[in-house]
Amino acid sequence: MIWVIAVLLIFLLFLILRFVQPELIYAFKQPLAEVGMNRLLLSPPSRKASERFRALLISDLRQETRFVSGVHVRDRLIKNRELLRGLESVRLEDSTYPSGRSPTVCLNELANLLGLISFRIRPSGPYDESPVEAAKFLHTIAVCNGADPSGLSGISDLEIWFQSHPITIEQAIELIYAAMYALSYRIE
Amino acid sequence: MSQVLWADDDSIGLLRSLSRFIERKGAVLTRAINYDDAIIHIRQYGLVRADFALLADIILPISEGRGALSPYLGIDLAREALNAGATRVSFLSVVPETEIASDLNRLVEAHPKASIRYFHKATLLEVNRIAEIVTALGLGGGS
């Protein structure tokens, strides 16, 4: 009986730690993924092994992290970009997004990190700059996507252009990368 | 003895076991987890005019906390390696070949004598893919 209670208490402690320190999940998950990958690489090729391999390649998303520093944010942006490309290759293979493998899982990690950054940032004098209008960003995107700059002289031109050329999730994610990259220096 | 530089942050993590297939062929394998590390090794190879092969990811950090705005650093690394005397460059990445096709073409045009190959990471476990990578690195076929 004492053993059962002890095991339950340890399990409870693990659960509490898991929610207070979600990095614990990744500390366990990553070595397990490496062991799994090791086994797959040394096993004979098969369709099942190949599918498992692709799933492991995109297993390093960290949607619950609580740790945040400028270096960590920028490192995760690089990894997030790689995972996004990996997810894209899974989609091309299957033509639809398998469960849990759409680009939105990358967005989830970015949203979590952005939330953590926003908690750390405090207004300060040197950063009191007037905002750059969203329309200016959209103008740049439209031109990068092939719009004629002379045809985008006003906001209404932009509205018409984006109605017929809405941006993709991947382009939206790149915008978030840019914002988070620049913001990461505010928490150093 | 053949020398292979493997530049990929996964070379000491998820894909660590791939090194066995390369070392089994008698190659001296050096791992680099970011661009700066890899450049140090490339300059050393260049100084002694060593013949070496590069296996590189396209998405690489420059160093810890740097490189988030440079999505194709592996291409720059390959250019440095080819200029330093590498005769074989293979990319192993999740970045689709179509996305970097023009960069690859420019590399091939600038270094017509070098062997430049691309492999998608997600296909690594397909039949004979590892053997193809090993061969592309100049180490002979087979796994």
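Residues numbered from 1 in each chain as written. Chains lettered and ligands numbered in written order. Predicted model: local features only at pLDDT ≥ 70, side-chain atom pairs only at ≥ 80, totals over all residues. Heavy atoms only, no water.

Novice: An account of the overall build of chain B is needed here, citing residue identities and associated values.
Specialist: Along its length, chain B carries five helices and five strands. Along chain B, helices (α) and strands (β) appear in the sequence β-α-β-α-β-α-β-α-β-α when read from the amino end. What you see for chain B is a C-alpha radius of gyration of 14 Å, in line with the 15 Å of a compact globule of 143 residues. Looking at chain B alone, contacts between residues at least 24 apart form 71% of all its contacts between residues at least 6 apart. Where the 15 positive side-chain charges of chain B centre and where its 17 negative ones centre are 7 Å apart. (Helix = DSSP H or I, 4+ residues; strand = E, 2+ residues; numbered from the N terminus. Rg over C-alpha atoms; globule rule 2.2 N^0.38 Å. Contact = heavy atoms within 4.5 Å. Lys, Arg positive; Asp, Glu negative; His and termini not counted. Charge placed at Lys NZ, Arg CZ, Asp CG, Glu CD.)

Novice: An account of the interface of chain A and chain B is requested, with residue identities and associated values reported.
Specialist: Contacts between the two partners involve 27 residues from chain A and, on the opposite side, 35 residues from chain B. The interface formed by chain A and chain B contains five salt bridges. Residue K121 of chain B is joined to E82 of chain A by a salt bridge in which the shortest nitrogen-to-oxygen separation is 3.2 Å. At the boundary of chain A and chain B, one finds seven residue pairs in polar contact (both at pLDDT 80 or more). It is helix α4 (residues 70-94) of chain A that contributes the most residues to the side of chain A that touches chain B, eleven residues altogether. (Salt bridge = Lys/Arg side-chain N within 4 Å of Asp/Glu carboxyl O. Polar contact = N/O pair within 3.5 Å; in protein donor to acceptor, adjacent residues only side chain to side chain.)

Novice: Any details on helix α4 (residues 101-110) of chain B? Residues and values, ideally.
Specialist: Residue and element names in this part refer to chain B. Among the residues of α4, those classed as buried are D103, L104 and L107. Angularly, the buried residues of α4 cover 100° about the axis, an arc narrow enough to put them on a single face. For α4, the elements touching its buried residues are α3 (73-83), β4 (88-93) and β5 (115-120). (Buried < 20%, exposed > 50% of the residue type's maximum accessible area, 1.4 Å probe, protein only. Arc of directions from axis to C-beta.)

Novice: Mind laying out the pairing of strand β1 (residues 3-7) of chain B, listing which residues take part and the relevant values?
Specialist: All names here are of chain B. Counting buried positions over the five residues of β1 gives four, a clear majority of the element. Where β1 lies against strand β2 (residues 28-32), five bridges are found, and the strand directions are parallel. In the strand pairing of β2, A7 is matched with A32. After leaving β1, the chain enters helix α1 (residues 18-23) and then returns to the sheet as β2, a path that is right-handed. Sheet analysis places β1 next to strand β3 (residues 52-56), joined by five bridges and oriented parallel. Counterpart to V4 in the pairing with β3 is A53. (Pairing = 2+ DSSP bridges. Right-handed = clockwise from strand over helix to strand, strands pointing away.)

Novice: Explain the confidence of the model for chain A residue by residue, including any values.
Specialist: Overall, the prediction assigns chain A a mean pLDDT of 84, with 91% of residues at 70 or greater. Across chain A, helix α7 (residues 155-164) of chain A holds the top mean pLDDT of 93, while helix α1 (residues 2-20) of chain A sits lowest at 83. (pLDDT = per-residue confidence, 0-100.)

Novice: Break down the packing of aromatic side chains for me, with residues and values.
Specialist: One pass over the structure, following the stated rule, counts three aromatic pairs over all chains. Relative to Y185 of chain A, the ring of Y181 of chain A lies with its centre 5.6 Å away and its plane at 80°, an arrangement referred to as edge-to-face. Taking relative accessible area as the criterion, Y185 of chain A reaches 36% and is therefore assigned partly exposed. Directly above the ring of Y185 of chain A sits R74 of chain A, whose terminal nitrogen or CZ lies 4.0 Å from the centroid. Just above the ring of F21 of chain B sits the side chain of R24 of chain B; from NZ or CZ to the centre is 5.3 Å. (Phe/Tyr/Trp six-rings, centres within 6.5 Å; stacked < 30°, edge-to-face > 60°. Lys NZ or Arg CZ within 6 Å of the ring centre and 35° of its normal.)

Novice: Can you lay out the pattern of salt bridges for me, pointing to particular residues and giving the numbers?
Specialist: It is possible for side chains bearing opposite charge to pair when their charged atoms get close. Applying the stated rule across the entire model yields 21 salt bridges over all chains. A salt bridge links D9 of chain B to K79 of chain A, with the shortest nitrogen-to-oxygen separation between them at 3.3 Å. Of the two residues, D9 of chain B is situated in the loop between β1 and α1 and K79 of chain A in helix α4; the pairing between them involves two chains. We classify D9 of chain B as partly exposed; its relative accessible area is 22%. Residue D10 of chain B is joined to K79 of chain A by a salt bridge in which the shortest nitrogen-to-oxygen separation is 3.5 Å. Here K79 of chain A lies in helix α4 and D10 of chain B lies in the loop between β1 and α1, a pairing that spans two chains. Neither D10 of chain B nor K79 of chain A differs from the other in exposure class; each is buried. One continuous salt-bridge network, built from bridges that share partners, spans K79 and E82 of chain A together with D8, D9, D10, D57 and K121 of chain B.

Novice: So, helix α5 (residues 104-120) of chain A: which residues are in play, and what are the values?
Specialist: All names here are of chain A. Taking 1.5 Å per residue as the helical rise, α5 with its 17 residues ought to reach 24 Å, and the 24 Å between its terminal C-alpha atoms agrees with that figure. Within α5, the full set of buried residues consists of V105, C106, E109, L110, L113, L116 and I117. Taken end-on, α5 shows its buried residues confined to a sector of 145°, consistent with a single buried face. (Expected span 1.5 Å × (residues − 1).)

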